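# Geometric and topological summary
Letter by letter, the chains look like this.
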Amino acid sequence: MTVKSVSPKKVADQVFKNEPIYVLDVRGKEESEDWKIEGDHVQLINIPFK
């Protein structure tokens, strides 16, 4: 799997088109629980950066 940066607009377009998207969230657990990208085809992994 290749990891790459994408623009917020591209992420939003993929979510609205129900395209598969994988998100690696490196924010703290509390921040991740407060706000996250959601959708039927969104897979979010939260691994807090230390």
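Look above for the structure.
Residues numbered from 1 in each chain as written. Predicted model: local features only at pLDDT ≥ 70, side-chain atom pairs only at ≥ 80, totals over all residues. Heavy atoms only, no water.

So, about the overall build of the chain. When you go through the chain residue by residue, the secondary structure sums to two helices and two strands. Reading the chain from its N end, one meets helices and strands in the order α-β-α-β. The buried share among the 50 residues of the chain stands at 16%. Sequence separation of at least 24 residues holds for 4% of the intrachain contacts in the chain that already meet a minimum separation of 6. As displayed, the chain has an accessible area near 4,600 Å², and 55% of this comes from carbon and sulfur atoms. For the chain, the centre of its 8 positive side-chain charges and the centre of its 9 negative side-chain charges are spaced 7 Å apart. (Helix = DSSP H or I, 4+ residues; strand = E, 2+ residues; numbered from the N terminus. Buried < 20%, exposed > 50% of the residue type's maximum accessible area, 1.4 Å probe, protein only. Contact = heavy atoms within 4.5 Å. Areas by Shrake-Rupley, 256 points an atom, 1.4 Å probe, with all protein chains shown as cover. Lys, Arg positive; Asp, Glu negative; His and termini not counted. Charge placed at Lys NZ, Arg CZ, Asp CG, Glu CD.)

In this section: a negative patch on the surface. A surface patch of negative charge is lined by Glu30, Glu31, Glu33 and Asp34. Mapped onto the secondary structure, Glu33 falls in helix α2 (residues 29-34). (Patch = residues over 30% accessible without salt bridge, like charges linked within 9 Å, V, L, I, M, F, W, Y side chains within 5 Å. Salt bridge = Lys/Arg side-chain N within 4 Å of Asp/Glu carboxyl O.)

Let's shift gears to the pairing of strand β2 (residues 42-46). Summarising the sheet, strand β1 (residues 21-25) and β2 pair through five bridges and their orientation is parallel. Bridged to Asp25 within β2 is Asn46. One crossover worth recording links β1 to the parallel β2 by way of α2, and it is right-handed. (Pairing = 2+ DSSP bridges. Right-handed = clockwise from strand over helix to strand, strands pointing away.)

Mapped onto the elements, Gln14 comes out in helix α1 (residues 8-16). Taking relative accessible area as the criterion, Gln14 reaches 15% and is therefore assigned buried.

What follows deals with unusual backbone geometry. The phi torsion at Asn18 lies on the positive side, around 55 degrees, for a residue other than glycine. Here Asn18 lies in the loop between α1 and β1.

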